[in-house]
Amino acid sequence: MNNPTTVTELMAEAANALIRRDPHRLEELERISRGWMQTHDEELAQILLLQAMAEAADLLLDTPSEIESV
C-alpha cells in the first residue's frame, strides 16, 4: 500500500480501509497525517475522522460491506 501524500489520497485510502474493515490501516493513516504540514484544526479533524472510522471498522469486522473497494 502506498502512503498518501494529499488529503484526497488520504480520504480515498481511508474509505477503502473502512470498506475492507481494516482498523490497523486506519490507525496507520492517522500516524501518517499527523506528520503533515497543516493547521492544528485540520490535523484534529483528520485524526478524529480516522479514529471514528477505525472504531467503526472494529464494530463492523464480521459484517461484509455492500460497497466494493477500489
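For the structure, check the block above.
Since the structure is predicted, the reported quantities are computational estimates derived from the model, not experimental observations.

Some details on the side chain of Arg 25
Phase 1: As for its placement among the helices and strands, Arg 25 is situated in helix H2 (residues 23–34).
Phase 2: Accessibility expressed as a relative area gives 3% for Arg 25, which makes it buried.
Phase 3: In this structure the side chain of Arg 25 is engaged in a polar contact, spanning 2.8 Å, whose partner is the backbone oxygen of Asn 2.
Phase 4: One polar contact links Arg 25 to Glu 13, side chain to side chain, over a distance of 3.0 Å.

Remarks on the environment of Arg 34
Phase 1: The topology assignment puts Arg 34 in helix H2.
Phase 2: For Arg 34, a relative accessible area of 41% gives the class partly exposed.
Phase 3: Through-space distance from the C-alpha of Arg 34 to that of Ala 15 is 18 Å; in sequence the pair is 19 residues apart.
Phase 4: For Arg 34, the contacting residues outside a window of four places in its chain are Glu 43, Ile 47 and Gln 51.

Structural notes on the nonpolar core
Phase 1: Judged by nonpolar contacts, Leu 10, Ala 14, Ala 17, Leu 26, Leu 29, Ile 32, Trp 36, Leu 50, Met 53, Ala 54 and Ala 57 together constitute the single largest core of eleven residues.
Phase 2: Of all the secondary structure elements, the ones that give two or more residues to this core are helix H1 (7–19), H2 and helix H3 (40–59).
Phase 3: Counting residues per element, this core draws most heavily on H3, at four residues.
Phase 4: Beyond its immediate sequence surroundings of up to four residues, Leu 50 is in contact with Leu 10, Ala 14, Leu 26, Leu 29, Glu 30 and Ser 33.

Some words on unusual backbone geometry
Of all residues except glycine, most have a negative phi; of all peptide bonds, most are trans.
Phase 1: Phi is positive for Arg 21, which is not a glycine, with a value near 60°.
Phase 2: Relative to the assigned elements, Arg 21 resides in the loop between H1 and H2.
Phase 3: For Arg 21, a relative accessible area of 14% translates into the label buried.

Focus: the pattern of salt bridges
Phase 1: Under the counting rule described, the total for this entry stands at five salt bridges.
Phase 2: A salt bridge links Arg 20 to Asp 22, with the nearest nitrogen and oxygen atoms 3.9 Å apart.
Phase 3: Here the salt bridges share partners, and the residues they tie into one network are Glu 13, Arg 20, Asp 22, Arg 25 and Glu 28.

Rules and cut-offs
- Residues numbered from 1 in each chain as written.
- Predicted model: local features only at pLDDT ≥ 70, side-chain atom pairs only at ≥ 80, totals over all residues.
- Heavy atoms only, no water.
- Helix = DSSP H or I, 4+ residues; strand = E, 2+ residues; numbered from the N terminus.
- Buried < 20%, exposed > 50% of the residue type's maximum accessible area, 1.4 Å probe, protein only.
- Polar contact = N/O pair within 3.5 Å; in protein donor to acceptor, adjacent residues only side chain to side chain.
- Contact = heavy atoms within 4.5 Å.
- Core = buried A, V, L, I, M, F, W, Y, C linked by side-chain atoms within 4.5 Å.
- Salt bridge = Lys/Arg side-chain N within 4 Å of Asp/Glu carboxyl O.

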